Every structure is written in structure tokens, then in C-alpha cells.
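The residues making up each chain are set out below.
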Amino acid sequence: MRRKFSVRDIAVQAGLSEATVDRVLHERPGVRAGTVEQVRRAVADLELQQSQVRLSGRTVMFDVVMSAPRRFADAVRAALEVELPTLRPATVRARFHTSHGADGDWVAAELDRVLRTGSHGVVLQSPDSPAVRAAVQRLADGQVPVVTLASDLPGSARRGYVGADNRGAGATAAYLLTQWAPDPEDPVLVVRSRLEQDSERQRSRGFEATLAQLEGSVRTVVDVYDDDLDPSALEDAVAKVLEERPGLRAVYSMCAGAGGNAGVLRGFERRGSRPLPFVVHDLDGENADLLSRGEISAVLHHDLRTDCAQACRMLLQAPYTRSEQRGSASTIQILTPFNVPVQER
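Notes on the structure in this doc start here. Quick caveat: nothing in here was measured; it's all calculated off a predicted structure.

Parameters at a glance
Residues numbered from 1 in each chain as written. Predicted model: local features only at pLDDT ≥ 70, side-chain atom pairs only at ≥ 80, totals over all residues. Heavy atoms only, no water. Helix = DSSP H or I, 4+ residues; strand = E, 2+ residues; numbered from the N terminus. Buried < 20%, exposed > 50% of the residue type's maximum accessible area, 1.4 Å probe, protein only. Polar contact = N/O pair within 3.5 Å; in protein donor to acceptor, adjacent residues only side chain to side chain. Contact = heavy atoms within 4.5 Å. Salt bridge = Lys/Arg side-chain N within 4 Å of Asp/Glu carboxyl O. Core = buried A, V, L, I, M, F, W, Y, C linked by side-chain atoms within 4.5 Å. Pairing = 2+ DSSP bridges. Right-handed = clockwise from strand over helix to strand, strands pointing away.

Examining the side chain of Ser67
As for its position among the elements, Ser67 is in strand E1 (residues 60-67). Judged by relative accessible area, which is 1%, Ser67 ranks as buried. A polar side-chain atom of Ser67 sits 2.6 Å from the main-chain carbonyl oxygen of Ala102. Beyond its immediate chain neighbours, meaning those up to four positions away, Ser67 contacts Ser99, Gly101, Ala102, Val107, Gln125, Pro127, Leu195 and Gln197.

A look at the pattern of salt bridges
Under the defined criterion, the tally for this structure stands at 20 salt bridges. Taking the shortest distance from any N to any O, the salt bridge between Arg133 and Asp128 comes out at 2.8 Å. Look at Arg133 and you get partly exposed, because its relative accessible area is 25%. Of the charged contacts in the structure, one is a salt bridge between Arg192 and Glu208, with a shortest N-O distance of 3.5 Å. Of the two residues, Arg192 is situated in strand E6 (residues 188-192) and Glu208 in helix H8 (residues 198-215); the sequence distance between them amounts to 16 residues. Judged by its relative accessible area of 11%, Arg192 falls in the buried class. What emerges from the salt-bridge pattern is a single network uniting Asp128, Arg133, Asp198 and Arg201.

Some details on the nonpolar core
By size, the foremost hydrophobic cluster in this structure holds 27 residues, and its most contacted members are Val64, Val76 and Leu80. Of all elements in the fold, only E1, helix H4 (70-83), strand E2 (92-99), strand E4 (146-149) and helix H12 (304-317) reach the threshold of two or more residues within this core. Top element by residues in this core is H12. It accounts for six residues. Beyond its immediate chain neighbours, meaning those up to four positions away, Val64 contacts Val76, Leu80, Ala94, Arg95, Phe96, His97 and Val123.

Quick notes on the environment of Ser151
One can find Ser151 in the loop between E4 and strand E5 (160-162). The class of Ser151 is buried, set by a relative accessible area of 1%. Along the sequence, Ser151 and Asp63 sit 88 residues apart, while their C-alpha atoms lie 17 Å from each other. A distance of 3.3 Å separates polar atoms of two side chains, one belonging to Ser151 and the other to Gln197. At a separation of 2.9 Å, a polar atom in the side chain of Ser151 contacts the main-chain amide nitrogen of Ser199.

A few points about the pairing of E6
With five of five residues buried, E6 is to be regarded as a mostly interior element. Of the two faces of E6, both are covered, the one formed by Val188, Val190 and Arg192 as well as the one formed by Leu189 and Val191. With five bridges joining them, E6 and strand E7 (residues 221-225) adopt parallel strand pairing. Bridge pairing in E7 links Val191 to Val224. For the segment spanning E6, H8 and E7, crossover handedness is right-handed.

Describing unusual backbone geometry
Cis geometry is adopted by the peptide bond preceding Pro277, which originates at Leu276 and carries an omega value of 0°. Tracing the backbone through its elements, the reader meets Pro277 in the loop between helix H10 (260-270) and strand E9 (278-281). Phi is positive for Ala150, close to 75°, though the residue is something other than glycine. Looking at the element boundaries, Ala150 is found in the loop between E4 and E5. Of note in this structure, Asp282 is not a glycine but carries a positive phi near 75°. The buried category is assigned to Asp282, whose relative accessible area is 15%.

Spelled out as C-alpha cells, the structure:
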């Protein structure tokens, strides 16, 4: 492995001992393949950050722990890499621990590993589980602040939350749906994940409460689940629902991972129809392409770069305040095929 950085820099980035990193760099036997890959990822992260931050002098190290769809985890990484240089006078670097579809036990184990290796703060996106809450408490007891991103852990020892107003986003989805599909007798297909995410819980509450408020009754909601692992499975699930409910058209996708919304469209195509309205979250490249082609009706979007910058600033301020820090919820933008930003297409 090429040596562009010191053993110490690589060890800090990887969260490993200098001795272990030295063994990997010199290709000595007895090192697990997973450890070798961990060192390679650390070197790759250092290369990405080299042009953006100074590696000399005092460095603040944050850890980003996420159980999230791959497209969202990639978007967070890209946003942070842009925002880290703006956090001067601090020199901030980040280590990423991400897994799509991982449960609370995996997140708790990663948080405990961060506590053992040392960190100045954690940005966390996670399922809400007792194991995660206990791990967040251990970090707090160890003077490692945690800020939740995109999905909260209300009532936990985390220092604050940054992200969208998820309840408001769900309410907005309900409002749009009632404008495009005004008959309350028409059911709506809702794409969810199987993980217990507070973000989805709040979106669901806002969505269903607003449907009831606007229509005077609760519209029938048919759930399908996307595990962010096999879009063809979601396609099959949608096609099966349409076989039983051939008149269904309205879709609200709360959480679809990479390829998920395209899988929903293929499920409709197999039954000779298309969804209308089709409301989704987050303007990544995939959704931007679908939106610009008119295959989805609207994207509920918020500025992830602002969220990431605010999360880092809250962690930087954490040593100077004992109280919970309140981040402002991001404003939801409603994007249609007529106002999708050109650079996102």
C-alpha cells in the first residue's frame, strides 16, 4: 500500500492502533481482510480530505455513524466533505461508519468502538432502540457529545437534533396527495423501511393526521417495505398489491433506498399503469432524474449541507454548554419537474 500519510494519521482515521496499521502497510501476515480494508478506506478518506483540510496542527475528529439507505449515506458523506473546510478556525476531519439496513445492535457496537478509540463528537443517524440509547448514554458519560441527524432519538442523552421537520414533511405529502387524488375512497400506497426510525414515525403521524384533518376520515393506507437491498423485491411487492387493488394510483415513498422508487415504477408498469401522484423524499441524482422525466410528481427536499454544517458546529460548541442544543429544522422544499435544479439532474 502506498505511503502518502503518516502511520499516526492513518491510525487515527481508521480507529486502529499504529502497530496494526504498520503491519497492514508492510503487508505482514496475520492481519484480517476486514482490517486491511479498514486501513484502505482510511487512506481513501484522507486523500479526499487532503485538499480540504490541514493535517498539521490540532485536529478535531468527528465520527459519523449511520444505518441508512446507501444513497442517503453517500449524500451525507458528500455534504460533509464540502462543509468541513468552512468550520475554521477548527481543523475538522471525519470518520465514517455506515451500513445500509443495519439494526440498533450494529449501531450500538459502532458507538462503543468510537468510545474506545476516542472522538470529539458523533453525528448519528440510527434506528431508535434501547441498545442505541444506552450506547449514546455511555458516550455522554464519557464526554463524547452526540448530535442526531435526519432521524432523532428524543429523550435520549444526545445533545441535539438537526434535520428536516419530519412531521411537517408527512403533512405536506398528505396535502399534495389530496390535491392530486381528491377522492378519499382511493387508497394510498406508502413505502416504508422495516427499521424503527423516528423520522418515519414522525412522517407517518403527520401524513395520517393531515389526511384525516383534510378529508374528515382516515384514507386506507397500504404499506410495502423497502429494505434497500433488492429493488426487485419492492417491485414484486408493489405488483402484488396492484393485483389485489387494481385502481390504486397514489404513492407516498417515505424512505426508498437506491433503486427503490424506480422499483415502484416497474411494479406499476407490470400492471399496465403508472402512479399519480407519486411523492418522494430527497433530491439525490436518482430522484432528480425521475423527477425531470416526469415519472414522479414531487420531491420533498431539504438542504443536507446546511444540516451537516449545523451538526458539526453543535459538536464544536458542546464542550462549552451543558444544556441540550436546539438545531433548527430544515425548511422543506417542494420540487416538481418544472423547478428541479439543473445541477441535480
